[in-house]
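Summary of structural features
Here's the letter readout for the chains.
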Amino acid sequence: ETEDCRYDLSNCTDVGGGESCTVACRWPYFGNEYTVTCPDNNINPEEPIPWEADMLECTLECPDPSPIPTGYVETRSGSFDCDTDYLGTASWTCSVAEESCAVYFNFTGCVQMSGCVAPYFDTCEFEGPTCGSLKSGDTCEITCKDPYQGEVGEGECPSRNLDPTQVVVLSLPTCSTTQCPEPRTLPVGYLQTSAGEYECTSGYTGIAQKVCRHIGTNCTLLPYMTGCREIVPCRLTYTEDACQHDISDCLKVEAGSTCALRCKDPFRGDETIGTCDATNTDADGLMYTLPDCLVTGGYDPLPVSNGYMRTASGWQCAPGFAGDLALECDMLANCRTEISPTGCLPVYSCGAEEFEDTDGRLGYISGVIRFGQGQLGDVVTEAVVDSYAVYFADECNHTIGEEIAWVNVTGETRGCCVTDLYDVELTEVEVPSGSSGLIVVARTTRSIDNLAEERHGVLIPFEDFEASTTRSGAVLSCRPWSAAAAAVFVAGHA
């Protein structure tokens, strides 16, 4: 659009001095008019009339389009829709050429529906002469070609199809014929009776039939035999839980026979029966239900894994351990199975602060042990913790003697580790022989009297200081105890 196309200056081509003219919007623009005057003292015949483009406000208003392009149709309300055989939402705009000021119309949104490409089918067996030129939404019949016989099928070009490469969708009929010669030789499993009928031989089952088919584009019919299948034994070579189920009796079950499925030791349960049908033709056709096998309370794997203990009511997590206990089965290299409990994890303090000995004597310690709440695996939790106890420990982290302090759980819920949530004060505690550190034990709710030798935790070094003084009592020097100690936080029970 240029100013020449927007404004009509035809009334102002020859305006004398002191005379006026009207400037208006040029079709198809509409808006206000403006009167301009040539100055009285104008002496220059080439002087342009004094007006500015911003004096007018001209808006393009599209006229009724003509001609209307193919695929679009005007409605009674004056709007436009897609014509028959077109899909979409019609829209249109107009524009004005910059130089010629001609009005152009642009229609968009309507796409012509497309017919479908002729389908491919076996012309020796099927006929469908009208299926090669279907329009969108049209259908055609597909029939069996003589000498084949059968029901009528259908070809369809999908309605509202916009894809010109869409192939006709076929629903082919099932065609058959018996108009072919008898087979020269019968395959294994078939015989022909004196009456000319076909049957399955002994060891085979089914309904014997002669089928006439052609090969490729050669429409000559040839005979084929079908319907007889060999009767075979059944087998069961695998179950999802090989640790529980003994399927050795079912590795090969003759047709018409049964086998027993039992529980493997140490599992117990009632055996079940598998059945192989007398006319079975599928090697994996054994019909069976696996027995319901459970571990008896007397099952005792040796050696017992750390973190587990057997009770009168069955296996449980040992003190200092918690989790979802289950029995796990592993296949060994010699094809034997090994069953062991699994799922119990150690419970221990999630962390601790450094310990500083404030006692000035060698062989005695004082100070505050600060440590965090319990942790099970990667989860900070005290759901299974009763209390925490402090012991001396040797270099193997085994407890020495009785507890020297303990504290109950706070019951606070914290989502992360707080390493100073608990504090235990030690005052003038004598360090026993063989001590290498302190151990904080998370006592679980499932308790026994004797603590197993657990070694789960975090070491925190500290030193037992001896203070040397002068006569005046001034502190001159400090030297560490000969055996550096450490605090380790472990799972267990006193």
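About the criteria used
Residues numbered from 1 in each chain as written. Predicted model: local features only at pLDDT ≥ 70, side-chain atom pairs only at ≥ 80, totals over all residues. Heavy atoms only, no water. Helix = DSSP H or I, 4+ residues; strand = E, 2+ residues; numbered from the N terminus. Buried < 20%, exposed > 50% of the residue type's maximum accessible area, 1.4 Å probe, protein only. Contact = heavy atoms within 4.5 Å. Areas by Shrake-Rupley, 256 points an atom, 1.4 Å probe, with all protein chains shown as cover. Phe/Tyr/Trp six-rings, centres within 6.5 Å; stacked < 30°, edge-to-face > 60°. Lys NZ or Arg CZ within 6 Å of the ring centre and 35° of its normal. Salt bridge = Lys/Arg side-chain N within 4 Å of Asp/Glu carboxyl O. Patch = residues over 30% accessible without salt bridge, like charges linked within 9 Å, V, L, I, M, F, W, Y side chains within 5 Å. Pairing = 2+ DSSP bridges. Disulfide = S-S within 2.5 Å.

Re the overall build of the chain
Within the chain one finds 1 helix and 39 strands. Burial analysis of the chain (494 residues in total) assigns 34% to the buried set. Partitioning the contacts of the chain with sequence separation of at least 6, the portion at a separation of at least 24 is 55%. Just so you have it, the chain exposes about 29,300 Å², and 46% of that area is on carbon and sulfur atoms.

So, the packing of aromatic side chains
Under the defined criterion, the tally for this structure stands at 9 aromatic pairs. Centroid distance Tyr72 to Phe107: 5.1 Å. Interplanar angle 55°. Geometry classified as tilted. Highlighted residues: Tyr72 in strand β6 (residues 72-74) and Phe107 in strand β9 (residues 103-112), separated in sequence by 35 residues. Exposure remark for Phe107: the relative accessible area of 12% places this residue in the buried category. Summarising the aromatic geometry, the rings of Phe371 and Tyr388 are spaced 5.3 Å apart at their centres and angled 65° between planes, so their arrangement reads as edge-to-face. With Phe371 in strand β29 (residues 364-371) and Tyr388 in strand β32 (residues 385-393), this pair connects stretches of sequence that are 17 residues apart. We note that Phe371, like Tyr388, is buried. Just above the ring of Tyr364 sits the side chain of Arg361; from NZ or CZ to the centre is 4.2 Å.

Overview of the environment of Glu74
Tracing the sequence through the fold places Glu74 in strand β6. Among the residues examined, Glu74 registers a relative accessible area of 42% and is labelled partly exposed. Beyond its immediate stretch of four places on either side in the chain, Glu74 contacts Ile68, Ser79 and Phe80.

Comments concerning the pattern of salt bridges
In the structure shown here, the tally under the stated rule is 8 salt bridges. The partner of Asp284 in a salt bridge is Arg235, with the nearest N and O atoms 2.9 Å apart. Placement of Asp284 in the loop between β23 (272-275) and β24 (294-295) and of Arg235 in the loop between β19 (218-230) and β20 (245-246) is noted, with a sequence separation of 49 residues between them. Asp265 is the salt-bridge partner of Arg268, the closest N and O atoms lying 2.9 Å from each other. Taking relative accessible area as the criterion, Arg268 reaches 46% and is therefore assigned partly exposed. Judged by relative accessible area, Asp265 falls into the exposed class, the value being 57%. Bridged by salt links that share partners, the residues Asp359, Arg361 and Glu428 form one connected network.

Section: a nonpolar patch on the surface
On the surface, Ile215, Leu222 and Tyr224 cluster together into a nonpolar patch covering about 260 Å² of accessible area. Mapping Tyr224 onto the fold places it in strand β19.

Some remarks on the pairing of strand β26 (residues 314-317)
Where strand β25 (residues 308-311) and β26 come together, 4 bridges link them in antiparallel fashion. Among the inter-strand pairings, Tyr308 is bridged to a residue of β26, identified as Cys317. Where β25 hands over to β26, the hairpin turn is made up of 2 residues, counted between the paired strands.

Focus on the sheet that holds strand β11 (residues 139-144)
Spatially, the 4 strands line up as an open sheet ordered β10-β11-β13-β14, and their pairing is antiparallel. Of all strands in the sheet, those bounded by a partner on one side alone are β10 (126-127) and β14 (169-171). Here strand β13 (residues 153-156) runs beside β14; their pairing, made up of 3 bridges, is antiparallel. Note on β14: the bridge partner recorded for Glu154 is Ser171.

Remarks on unusual backbone geometry
The linkage connecting Ser66 with the following residue, Pro67, adopts the cis geometry, with an omega of -5°. With respect to the secondary-structure elements, Pro67 resides in the loop between β5 (58-60) and β6. With an omega of 15°, the peptide bond between Asp146 and Pro147 qualifies as cis. Tracing the backbone shows Pro147 in the loop between β11 and β12 (149-150). Not every positive phi belongs to a glycine, and Asp85 is a case in point at roughly 70°. You can see Asp85 is positioned in the loop between β7 (80-82) and β8 (86-96). On the basis of relative accessible area, Asp85 is assigned to the partly exposed category, the value being 44%.

Digging into the state of the cysteines
Taken as a whole, this structure holds 16 disulfides when the rule is applied. Between Cys62 and Cys94 runs a disulfide, and the two sulfur atoms are separated by 1.7 Å. Taking the sign of the S-S torsion, about -90° here, the bridge from Cys62 to Cys94 comes out left-handed. Here Cys94 lies in strand β8 and Cys62 lies in the loop between β5 and β6, a separation of 32 residues in the sequence. Two residues share a disulfide in this structure: Cys82 and Cys110, whose sulfurs sit 2.0 Å from each other. Here Cys82 and Cys110 share a disulfide; its torsion about the S-S bond, -90°, makes the bridge left-handed. Placement of the pair is Cys82 in strand β7 and Cys110 in strand β9, with a sequence separation of 28 residues. One exposure class covers both Cys82 and Cys110, and it is buried.

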